[in-house]
Structures are given as structure tokens and as C-alpha cells.
Amino acid sequence: MNTKTMEGLIGARTNMNLMDVPIRVYKEARLKNDLATMKRSMDYAGQFSAKAWEYEEKADEGMKEEAKEEREKAKEKAKKELEEAIEKRREERKAEAEEQTVKTEETKESGSDVEAETEMEPVKTEVPDKKPVFYSSTGNTETFEEQCLGTNVSASV
């Protein structure tokens, strides 16, 4: 916790507690109808209240500073983690590249036997020549031409 925050919270709490005494004196003076004492006690209570508000502002400033520091720390931490992740990925890529070069060199040394084993013939696929088929409400199949012959379409505007 920030020192400004602590000082502000403690000062506000203390001044609020100190304000209880003049309020009690005011109540006693009111029962006795002593206007001078009532006025003096309210002045003291007002002063304590004003100090409490000042300390509250100080506590708010301290909390804002603390929040700002926390945000900066979080940004730095995130940046550091990102840099570590990037560095780790670079090392992984470098290891993969070295591994690939070792495999390539082994393949070249072993000869063409490996190449013959890994070679595959392309697969030939034929697409059947089918026309679209429509199903009637009875479940019979009809071609597109049959469907269009019996249909009358009218459009009016």
C-alpha cells in the first residue's frame, strides 16, 4: 500500500473520530441553551471535517498513484513474458532447422533407396457425370427436364 494512501486513510479516520468530541459538547450546550459554546463547538467540528476531507483527497491521490504503478508493472511483466515466448520460439525453430538439415544430410548419404520408398503415385479420381435429381411429393425421382416440363410459372407485377 502506498504511503499517501495509508496516511490519507488514517488521517481521515482520526479526524472523523476527533469530530465526535465537539459534537458531544454541542449537544450538551444545546441542552443548557449556551449559544457561544454551541458556536465554538461547531467551528471545531467543521475544522475536523475539513481536515478529514483533505486526508480523503490525499488517500485518493495515493490510490491513483498505486494503480498507475500496478498498471506499469503489469505492462512490464507482459512485455517480458512476450519476449521470453518469442525467444523460446526462436530456439525451437533453430532446433527444428538443425534437425531438418541433419535428416537431409542422412538422406543424401544413404542414397536413392530412401527416395524410392517415399515416392508415391498420384491418385486418379473420376467425377461421375450426374445430372441433378428432384424428388416429387410421392417420392419418385425426376430429372431437371421432367420437372420443368410440367411446371407453369406466372409472374405478375
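Since this is a predicted model, take the numbers as computed values, not measurements. Each chain carries its own residue numbering, running from 1 in the direction its sequence is written. Note on the predicted model: pLDDT of at least 70 is required for a residue's local features to be given, and 80 or more for side-chain atom pairs to be given and counted; whole-chain, interface and lining totals, by contrast, use all residues. Heavy atoms throughout the structure, all of them, feed into the side-chain values; hydrogens and water do not.

Before going further, it helps to examine the overall build of the chain. Every helix listed is a DSSP run of H or I at least four residues long, and every strand listed is a run of E at least two residues long, numbered separately from the N terminus. Across its full length, the chain holds five helices and two strands. Think of it in three bands: with a 1.4 Å probe and only protein chains considered, a residue is buried below 20% of the maximum accessible area for its type, exposed above 50%, and partly exposed in between. Buried residues in the chain amount to 10% of all 157 residues. Look at the contacts in the chain between residues 6 or more apart in sequence, and 55% of them connect residues 24 or more apart. Residue exposure ignores everything except the shown protein chains as possible cover, and the areas themselves are Shrake-Rupley values with a 1.4 Å probe. As displayed, the chain has an accessible area near 14,400 Å², and 53% of this comes from carbon and sulfur atoms. Contact criterion: two residues are considered in contact whenever any of their non-hydrogen atoms come within 4.5 Å of each other.

Each residue after the first adds 1.5 Å to the expected span of a helix. Between its terminal C-alpha atoms helix H2 (residues 20-32) stretches 19 Å, which fits the 18 Å expected from 13 residues at 1.5 Å a residue. Trailing H2 by a residue or two, Asn33 shows a phi angle of about 60 degrees, which is positive.

Considering the arrangement of structural elements, one finds Lys39 in helix H3 (residues 35-110). Residue classification places Lys39 among the exposed positions, given a relative accessible area of 61%. When the C-alpha positions of Lys39 and Tyr26 are compared, they lie 7.9 Å apart, and in sequence the two are 13 residues distant.

Any carboxyl oxygen of Asp or Glu within 4 Å of a side-chain nitrogen of Lys or Arg constitutes a salt bridge here. With the rule as written, the count across this model stands at five salt bridges. Where Glu7 meets Lys58, a salt bridge forms, and the shortest distance between an N and an O atom there is 2.8 Å. One end of the pair, Glu7, is in helix H1 (residues 3-18); the other, Lys58, is in helix H3, with 51 residues separating them in the sequence. Overall, Glu7 belongs to the partly exposed group, its relative accessible area being 39%. Here Arg89 and Glu92 are joined by a salt bridge, their closest N and O atoms 3.3 Å apart. Here Arg89 and its partner Glu92 are both found in helix H3, three residues apart, which amounts to about one turn of the helix.

Tracing the backbone shows Asn2 in the segment before H1. Of the residues examined, Asn2 reaches a relative accessible area of 15% and is grouped as buried. Once residues within four sequence positions are removed from consideration, Asn2 is found in contact with Gly62, Glu65 and Glu66.

It is worth spelling out the confidence of the model for the chain at this point. This prediction gives the chain a mean pLDDT of 84; 83% of its residues lie at or above 70. The score called pLDDT rates the predictor's confidence residue by residue, from a low of 0 to a high of 100. The spread of mean pLDDT over the elements of the chain runs between helix H4 (residues 113-118), the lowest at 54, and H2, the highest at 94.

Of note, Thr14 is situated in helix H1. As a C-alpha pair, Thr14 and Lys51 span 37 residues in sequence and 9.7 Å in three-dimensional space.

Here we come to the packing of H1 against H2. Whenever a helix is involved, its axis is fitted only over the stretch in contact; in every case the axis is a line through C-alpha atoms, and angles between N-to-C directions fall within 0 to 180 degrees. At a minimum axis separation of 4 Å, H1 and H2 run at an interaxial angle of 15 degrees. The angle between the axes of H1 and H2 places the two elements in the roughly parallel class. Between H1, through Met16, Asn17 and Leu18, and H2, the contact on the second element is made entirely by Asp20, Val21 and Pro22. For the contact of H1 with H2, the residue count by class is four nonpolar, one polar and one charged. Roughly parallel covers angles under 35 degrees, roughly antiparallel covers those over 145, roughly perpendicular covers 65 to 115, and oblique covers all other angles. Amino acids outside the nonpolar list (Ala, Val, Leu, Ile, Met, Phe, Trp, Tyr, Cys, Pro) and the charged list (Asp, Glu, Lys, Arg) are all regarded as polar, and Gly is one of them.

Turning our attention to a nonpolar patch on the surface. A cluster of nonpolar residues, Met1, Met6, Leu9 and Ile10, forms a patch on the protein surface that exposes about 430 Å² of accessible area. Position of Met1 among the secondary structure elements: in the segment before H1. The patch calculation keeps residues exceeding 30% relative accessible area without a salt bridge and links them within 9 Å when they carry like charges or within 5 Å when they are nonpolar (Val, Leu, Ile, Met, Phe, Trp, Tyr).

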